[in-house]
Amino acid sequence: MKRIQIINGPNLNLLGKREPGVYGNQSFDDYYHQLQSVFPELELFYFQSNSEGAIIDKLHATGFSFDGIVLNAGAYTHTSIAIADAIRAITTPVVEVHISNVFSREEFRHHSWLSPVCRGCIAGFGLDSYRLAISSFIS
Ligand code: DQA
């Protein structure tokens with residue numbers, strides 16, 4: 001069974017409560033249960049942290065043995081050279097995910113330090129962005 005790690009960054013623990021007009025009404029825990037039933041052929045793992053270092057530690061811990069990583073680094077996407085370096089350092093491919101269409105939002109969200117070192121990026125499909133990203137690991 002392929003092993004896929006989902007990593008959510010800062011403020012994504014508040015999904016369902018946080019700016020529902022932008023991020024929707026569903027909690028990630030709720031959505032994660034749905035995801036698991038959509039991909040019975042995959043072993044999914046979920047990790048969330050508001051700390052940059054903890055996200056980097058999880059990339060190191062899974063990035064040499066897992067088959068894929070789906071990463072929504074939240075606002076660290078736009079600021080973190082350290083997370084970009086961690087993605088560069090590991091061998092597991094990473095797909096960058098955003099719930100919202102970052103390109104239709106404020107200009108500071110248009111730049112990602114992570115996109116150049118990720119396999120690809122999926123943004124703007126709501127929580128369905130995670131399903132689309134995970135699908136890319138099925139061949
Ligand atoms: C986000 C977009 C980021 O700009 C923002 O800081 C987030 C969430 C998204 O999923 O749309 O925290 O990554």
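Just so you know, these numbers come straight off a predicted model, no measurement behind them.

### Side note on helix α3 (residues 52-62)
One turn of an α-helix holds 3.6 residues; hence residues three or four places apart share an orientation. When α3 is considered as a whole, its buried residues turn out to be Ile 55, Ile 56, Leu 59 and Thr 62. Considered in projection along α3, the buried side chains sweep an arc of 140° and stay on one side of the axis. Of the exposed residues in α3, the ones pointing more than 90 degrees away from its buried face are Asp 57 and Ala 61. The elements touched by buried residues of α3 are β1 (2-8), β2 (42-48), β3 (68-72) and α4 (81-89).

### Some thoughts on the sheet that holds strand β5 (residues 120-123)
Strand order in the open sheet formed by five strands is β2-β1-β3-β4-β5, and the pairing between neighbours is parallel. In this open sheet, the two edge strands, each paired with only one partner strand, are β2 and β5. For this sheet the average axis-to-axis angle between neighbouring strands, irrespective of direction, equals 20°. As defined by bridge partners, β1 adjoins β3 across five bridges and the pair is classed as parallel. Looking across to β3, one finds that Ile 6 is bridged to Val 70. Seen against the sheet, helix α2 (residues 28-38) touches β1 and β2 and runs at an angle of roughly 170° to β2.

### Section: the site of the ligand
Taken together, the residues surrounding the ligand are Arg 18, Tyr 23, Asn 72, Gly 74, Ala 75, His 78, His 98, Ile 99, Ser 100, Val 102 and Arg 109. For the ligand, an oxygen atom lies 2.8 Å from a polar atom in the side chain of His 98. Take Ser 100: an N or O atom from its side chain is 2.6 Å from an oxygen atom of the ligand. Starting from 320 Å² of accessible surface for the ligand in isolation, the protein chains cover 99%. Here the residues of the shell around the ligand are counted per class, giving four nonpolar, five polar and two charged.

Analysis parameters
Residues numbered from 1 in each chain as written. Predicted model: local features only at pLDDT ≥ 70, side-chain atom pairs only at ≥ 80, totals over all residues. Heavy atoms only, no water. Buried < 20%, exposed > 50% of the residue type's maximum accessible area, 1.4 Å probe, protein only. Helix = DSSP H or I, 4+ residues; strand = E, 2+ residues; numbered from the N terminus. Arc of directions from axis to C-beta. Contact = heavy atoms within 4.5 Å. Pairing = 2+ DSSP bridges. Axes fitted to C-alpha atoms, helices over the stretch in contact; angles between N-to-C directions. Near = heavy atom within 4 Å. Polar contact = N/O pair within 3.5 Å; in protein donor to acceptor, adjacent residues only side chain to side chain. Areas by Shrake-Rupley, 256 points an atom, 1.4 Å probe, with all protein chains shown as cover. Nonpolar A, V, L, I, M, F, W, Y, C, P; charged D, E, K, R; others polar.

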